[in-house]
Amino acid sequence: QLQLVESGGGLVQPGGSLRLSCAATGFTKDYYSVGWFRQAPGKEREGVSCISGSGSVTNYADSVKGRFTISRDNAKNTVYLQMNSLKPEDTAIYYCAAARLLLFNQCVRANQYNYWGQGTQVTVPS
């Protein structure tokens, strides 16, 4: 029943910032764990960051640590990915996904997620 609506992608110069949003609609009684994933042309989908239902626990890929911040506003049923110091290698389609995870340490695995957004393009030119 959960639907995810993504926004915030775009083109930004190296070193710039974007904030991606993932808004949940439909059945939102539970606070789902949410992950951000990205897929660049010719590459496999990779986990970027994830956050627990309460927002108290987060995880980041090594490639984005110190640059990206995941957060959530449960009153708005929205999860954010603040992306700073963007690099060309960050160029990808970014997806958010939600699931009720039994073990949060599985949050980096895409196959753990039940619901997916449509994806939003982030482009950082060289």
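Coordinates for the structure precede this section.
Before going into details, it helps to say that this report is about the structure given with it.

Scoring rules and cut-offs
Residues numbered from 1 in each chain as written. Predicted model: local features only at pLDDT ≥ 70, side-chain atom pairs only at ≥ 80, totals over all residues. Heavy atoms only, no water. Salt bridge = Lys/Arg side-chain N within 4 Å of Asp/Glu carboxyl O. Buried < 20%, exposed > 50% of the residue type's maximum accessible area, 1.4 Å probe, protein only. Helix = DSSP H or I, 4+ residues; strand = E, 2+ residues; numbered from the N terminus. Pairing = 2+ DSSP bridges. Axes fitted to C-alpha atoms, helices over the stretch in contact; angles between N-to-C directions.

A word on the pattern of salt bridges. All chains considered together, the criterion is met by 4 salt bridges. Here Arg38 ties to Glu46 by a salt bridge, and the two come within 2.7 Å at their closest N and O atoms. Since its relative accessible area comes to 5%, Arg38 is described here as buried. Look at Glu46 and you get partly exposed, because its relative accessible area is 29%. Residues Asp90 and Arg67 are paired through a salt bridge, measuring 2.7 Å at the closest nitrogen-oxygen approach. Residue Asp90 is located in the loop between strand E8 (78-83) and strand E9 (92-99), and its partner Arg67 is located in the loop between strand E6 (58-60) and strand E7 (68-73); the two are separated by 23 residues in the primary sequence. Neither residue differs from the other here; Asp90 and Arg67 are each classed as buried. Shared partners join several salt bridges into a network, and the residues in it are Arg38, Glu46, Arg67 and Asp90.

Let us now look at the pairing of strand E4 (residues 33-39). E4 sits mainly inside the fold: 6 of its 7 residues count as buried. For E4 and E9, the ladder comprises 7 bridges, and the chain directions are antiparallel. Counterpart to Phe37 in the pairing with E9 is Tyr95. Sheet topology places E4 next to strand E5 (residues 46-51); 5 bridges connect them, and they run antiparallel. Its bridge partner lying in E5, Val34 is registered against Ile51. Hairpin geometry of E4 and E5 is characterised by an intervening segment of 6 residues between the two adjacent antiparallel strands and by a positive phi of about 75 degrees at Gly42.

On to the sheet that holds strand E3 (residues 18-25). Pairing within the open sheet is antiparallel, and its 4 strands lie in the order E1-E3-E8-E7. Unpaired on one side and paired on the other, strand E1 (3-7) and E7 mark the two borders of the sheet. The sheet shows a mean angle of 15 degrees between the axes of neighbouring strands, direction not considered. Strand direction decides the pairing type here: E3 and E8, joined by 6 bridges, are antiparallel. Paired with Ala23 across the two strands is Thr78, which belongs to E8.

Geometry only, nothing functional implied.
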